[in-house]
Amino acid sequence: KREYHHLFPDSLLKGDGRMEEGKSYLALNCALITWNTNRNISAKEPLTYLKERAERATLGEAAVRSRLQTHLIPFDELNVGGYAAIGDDTDRAKRIQADYRTFLDRRAAIIRDTIATLV
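The notes below deal with the structure included here. (Residues numbered from 1 in each chain as written. Predicted model: local features only at pLDDT ≥ 70, side-chain atom pairs only at ≥ 80, totals over all residues. Heavy atoms only, no water.)

**A short note on the overall build of the protein chain**
Move 1: From N to C terminus, the protein chain includes six helices and two strands.
Move 2: In the protein chain, the succession of α and β elements from N to C terminus is β-α-β-α-α-α-α-α.
Move 3: Summarising its shape, the C-alpha atoms of the protein chain cover approximately 45 × 35 × 25 Å along the three principal directions.
Move 4: When the 19 basic and 17 acidic side-chain charges of the protein chain are each reduced to a single mean position, those positions are 6 Å apart. (Helix = DSSP H or I, 4+ residues; strand = E, 2+ residues; numbered from the N terminus. Lys, Arg positive; Asp, Glu negative; His and termini not counted. Charge placed at Lys NZ, Arg CZ, Asp CG, Glu CD.)

In structure tokens form, the structure reads like this:
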């Protein structure tokens, strides 16, 4: 009853981010969420959908942060966007790529540290 969700949307990474096919399909960029939530989030940039989820959550941003933490997803590194405001296509692509790399690096570190704690 869950679907894979790209935390950084595939269409954002391949489109404005000018990234190669498949770069968004890394396990670090995925989370299992309900079908309904996946459709509501769709291809929105993380900043947009996190704000919307926080507004809909009973406890606001704290609830969203807590949910993400249970999936080992770093809120601050995911809470990025505003890419449409970057006028230059090359600058926009560089920013998306940099934000994505920062997110992946942080999530990898969190997962690594969690594994080390468990073993």
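**Side note on helix H3 (residues 46–56)**
Structurally, the α-helix is built with 3.6 residues per turn, so residues lying three or four positions apart point the same way.
Move 1: Burial in H3 covers these residues: Pro46, Tyr49, Leu50 and Ala54. For H3, the buried positions fall inside an angular range of 140 degrees around the axis, keeping them on one side. Opposite the buried face of H3, at more than 90 degrees from it, the exposed residues are Lys51, Glu55 and Arg56.
Move 2: Among the structural elements, strand S1 (2–6), helix H1 (10–14), helix H2 (35–41), helix H4 (61–70) and helix H5 (75–78) are those in contact with the buried residues of H3. (Buried < 20%, exposed > 50% of the residue type's maximum accessible area, 1.4 Å probe, protein only. Arc of directions from axis to C-beta. Contact = heavy atoms within 4.5 Å.)

**Looking at the nonpolar core**
Move 1: With 25 residues, the main nonpolar core has Phe8 and Leu78 as its most contacted residues.
Move 2: Secondary-structure elements contributing two or more residues to this core are H1, strand S2 (30–34), H3, H4, H5 and helix H6 (89–118).
Move 3: Residue contributions to this core peak at four residues, all from H6.
Move 4: Those residues in contact with Phe8 that lie beyond four places of it in its chain are Leu13, Ser24, Asn29, Pro46, Glu77, Leu78, Val80, Tyr83, Asp99, Tyr100 and Phe103. (Core = buried A, V, L, I, M, F, W, Y, C linked by side-chain atoms within 4.5 Å.)

**Description of the side chain of Thr37**
Move 1: Mapping Thr37 onto the fold places it in helix H2.
Move 2: Judged by its relative accessible area of 17%, Thr37 is buried.
Move 3: At 2.9 Å, the side chain of Thr37 and the side chain of Thr34 are in polar contact. (Polar contact = N/O pair within 3.5 Å; in protein donor to acceptor, adjacent residues only side chain to side chain.)

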